[in-house]
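Notes for the structure review
Residue strings, one per chain:
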Amino acid sequence: MEDNTLVLIVEDDVTNRLILRSIVKDVGYQFIEAENGQQAIELCLKHNVDIVLMDVMMPVMNGYQSAREIKSKSKPFIPIIFLTALADQDSLAKCIEAGGDDFLTKPYNHVLLRSKIESMLRIRMLYQQVEEQNKALNIHNARIEHEVEVAKNIFSNVLKHDFNGSDTGFRCLMSPVSIFNGDMIIAERNQTDGFDVLIGDFTGHGLSAAIGSLPVADIFYTMTHKGYSFVETIIEINNKLIKLLPTQMFMSSAFVSVDRLNSVVTIVNCGLPDLYLIGKDGIKQSFSSKVVPLGIMSLTHDNIKVDIEVIEFGDRIISATDGLIETTNKDGEMFGKNRMINVIETANNNDNIFDDLLAACNEFSSDEYPADDLTLFEIKHLENIVHKDKVVIVDGVNESEWALSYELDMESIRNFDVLPYMVQGITGLHTIPNGHSTVFTILSEMYSNALDHGILMLDSSIKNTPGGYIDYYQMKSERLAQQEEGSIKISLNHELKPDGGGRLTIRVDDSGEGYNYEDYNLDNMGGNKNTFGRGLALVNSLCESVKIMGKGNSIEAVYDWG
Amino acid sequence: MSVNAVVSSDNNTVLLKVSGRFDFSIHNEFRNSYKDVGLKNVEYVIDMINTEYLDSSALGMMLLLKEYAEESGSNVVISNANQEILEILKIASFDKIFTIN
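What you are looking at is a predicted structure, and each value in this text was computed from that prediction instead of being measured. (Residues numbered from 1 in each chain as written. Chains lettered and ligands numbered in written order. Predicted model: local features only at pLDDT ≥ 70, side-chain atom pairs only at ≥ 80, totals over all residues.)

1. A closer look at the overall build of chain B
Looking only at helices and strands, one finds three helices and seven strands in chain B. When the helices and strands of chain B are read in sequence order from the N terminus, they spell out β-β-β-α-β-β-α-β-α-β. The buried share of chain B, reckoned over its 101 residues, is 34%. Residue pairs at least 24 apart in sequence account for 71% of intrachain contacts in chain B once pairs closer than 6 positions are excluded. (Helix = DSSP H or I, 4+ residues; strand = E, 2+ residues; numbered from the N terminus. Buried ≥ 20, exposed ≤ 12 C-beta atoms within 10 Å, placed from the backbone. Contact = placed C-beta atoms within 7 Å.)

As structure tokens, then:
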């Protein structure tokens, strides 16, 4: 059998060398020879030796010394079998101590030597495999480390906090570990010159958890910037995460919006620990989670519970992800909510709460589990805030006069919920301070009026009978499904007023028959005891003026703001 | 074993008893425990009487079980959770997603 295995025979005695050579040749291995330990080392470094058969007593350098040097100098594992005439235990122990892997006592037993060589070669092969796998693993590790670096860089770019500072009242801390564990805090200036903030915490750890923060940040910045309301942003992020994340992943999060014009804070807590509103006398209000974390199930306006509180200058909101209350001490005890509340209540100056919390957490934690997964955020409602950059509320058209018109056929009316889309369009084009929900109400009433009565010809008085509401909506969905002909046209026109503010004119035309509106009194809302017919009266009360025109299928409402 | 699956004699209930820490370390064990049972139209009861601690990956694992259960016409109930665990489930609003006994 031809074999490329190279055996190094180290033996000063010519006869013994001859015997060994013949055994090795018999098996079919290649071989080289050294006469002493020193030569053996040189040959090992020069050739790709697979196994060494080493005599102990030799001139120049003995076997022990040689073995030691071979083991320390050669990188791959080279098994060494000592061949020795000394059979006492001490000498054998010395062989192993010197780095020998096995030994054989003289005189040689051919069969034994052969099987020892073979078994050593098998071990060497295993070593080589492990080494190759190690090498592959190292390359892999290096690549991951590199990717982690790149990712960290990207995340810190996304999660940059330009607003941090005492002049804005905005403060946050995210430890590198927490960022990489999928925590995020992002903030954007809102239309009241306050801040909209998102604090998020993805399930899991590491890159896979953090990856979700990129699309979330993208949606958040874009929508806040364009003036979309909170709830709409949450719905959008939730939809995106449901599509994007695997079932077991989700984002616990809280949204905080400080309205500086009205000194009101709006909070939606979706799965984060309690947030605290802190006044000069301590905690005024806590906001516990009322909404399912995002990315689990579909959410609508109805199941997003919003907390709204009036705030005073000097008040602050504090929020942390679970990393803070789950900081563990050496006894395995957690920092917990009560310690957090205690730190807040006992701070001698509310401006120190943030630092006190961090200090308390660090002191509480153990060396084994350092408090390194901290995400903490605070926003103080300041009377005057200095922004670092100039106020640019909306990109594109800032102060503008514009007109828009939508025409919807039956197909679109059936399949497309046009109202939120339109309101978003309006707020995207121009900021109407605090008018967002009012415009929504006006549009929505005018649109249902056109659809229900103009096109579907439903009679509102049905709603006045027991169970009438249900009958009405039942009938509406049936007619909506069957209706073949029909269209609704919505026209919007926005003008700026010379003394500030603006005027939005909304006109809705439907393709229906119209009705006799001469005897319809728009100011009738207060005296209307019916459970129906409030729609247009409500519009009238919200607007400067409402006009019914044509054959009753055209309505124009004028809404002033500012 | 930190996850123990017991099928009731009438084949209607699968009791998944989680002992000790309910976190990512028992991820595979938890998943296998209900996949191995392979029953349809049953009630999975996550029994937390011996569960000491729960983290967010456990919440994720429970969502996976729920998804699996719903595909086979089954439902999931959480029972015997201690006060602290109930608190975590509440923070995550999981009381809105699961039945908690």
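2. Remarks on the sheet that holds strand 9 (residues 251–259) of chain A
Residue and element names in this part refer to chain A. Here we have five strands laid out as an open sheet, ordered 7-8-9-10-13, and antiparallel in their pairing. Edge strands, defined here as strands with exactly one partner in the open sheet, are strand 7 (183–189) and strand 13 (307–310). This sheet shows a mean twist of 15 degrees between the axes of neighbouring strands, independent of strand direction. Two strands pair when backbone bridges link them, and strand 8 (residues 195–202) and strand 9 are joined in this way by seven bridges, in the antiparallel orientation. Across the sheet, the residue bridging to Asp-201 is Ser-252, located in strand 9. (Pairing = 2+ DSSP bridges. Axes fitted to C-alpha atoms, helices over the stretch in contact; angles between N-to-C directions.)

3. Examining the interface of chain A and chain B
How big an interface is tends to be reported as the loss of accessible area on association of its parts. Each side of the interface is counted separately: chain A has 16 residues, and chain B has 13 residues. For the side of chain A that touches chain B, the class distribution of residues is eight nonpolar, seven polar and one charged. (Nonpolar A, V, L, I, M, F, W, Y, C, P; charged D, E, K, R; others polar.)

4. Let's talk about the packing of helix 8 (residues 213–226) of chain A against helix 9 (residues 230–244) of chain A
All names here are of chain A. For the pair helix 8 and helix 9, the least separation of the axes is 10 Å and the interaxial angle reads 155 degrees. Taken together, the axes of helix 8 and helix 9 are roughly antiparallel relative to one another. Along this stretch, helix 8 crosses helix 9, giving a crossing that reads as right-handed. Touching Pro-215, Val-216, Ile-219, Phe-220, Met-223 and Thr-224 of helix 8 are Glu-232, Thr-233, Glu-236, Ile-237, Lys-240 and Leu-244, all from helix 9. Along the lines of polarity and charge, the residues of the contact of helix 8 with helix 9 split into seven nonpolar, two polar and three charged. (Parallel < 35°, antiparallel > 145°, perpendicular 65-115°, else oblique. Left-handed = near helix turned anticlockwise from the far one by under 90°.)

5. Observations concerning the pairing of strand 2 (residues 13–18) of chain B
Residues and elements named next belong to chain B. Of the two faces of strand 2, only one is covered, namely that formed by Val-14, Leu-16 and Val-18; the face formed by Thr-13, Leu-15 and Lys-17 stays uncovered. By the bridge criterion, five bridges tie strand 1 (residues 3–7) to strand 2 in an arrangement that is antiparallel. Counted as the bridge partner of Val-6 is Leu-15 from strand 2. Counting the residues in the hairpin turn of strand 1 and strand 2 gives five residues, including Asn-11, whose phi is positive at 60 degrees. Across five bridges, strand 2 lies against strand 4 (residues 43–47) in parallel orientation.

6. Looking at the pairing of strand 11 (residues 275–279) of chain A
Residues and elements named next belong to chain A. Burial of strand 11 is extensive: four of the five residues sit out of reach of the surface. When strand 11 meets strand 12 (residues 282–287), the two strands line up antiparallel, connected through five bridges. Each bridged residue has a counterpart across the sheet, and for Leu-275 the counterpart in strand 12 is Phe-287. With antiparallel pairing between neighbouring strands as the criterion, strand 11 and strand 12 make up a hairpin whose turn holds two residues.

7. Notes on the sheet that holds strand 1 of chain B
Residue and element names in this part refer to chain B. Spatial ordering of the open sheet is given by 1-2-4-6-7, a layout of five strands whose pairing is mixed. Whereas interior strands pair on both sides, the edge strands pair on one side only; in this sheet they are strand 1 and strand 7 (99–100). Across the face of the sheet, helix 2 (residues 56–71) comes into contact with strand 4 and strand 6 (75–79) while running at roughly 145 degrees to strand 6.

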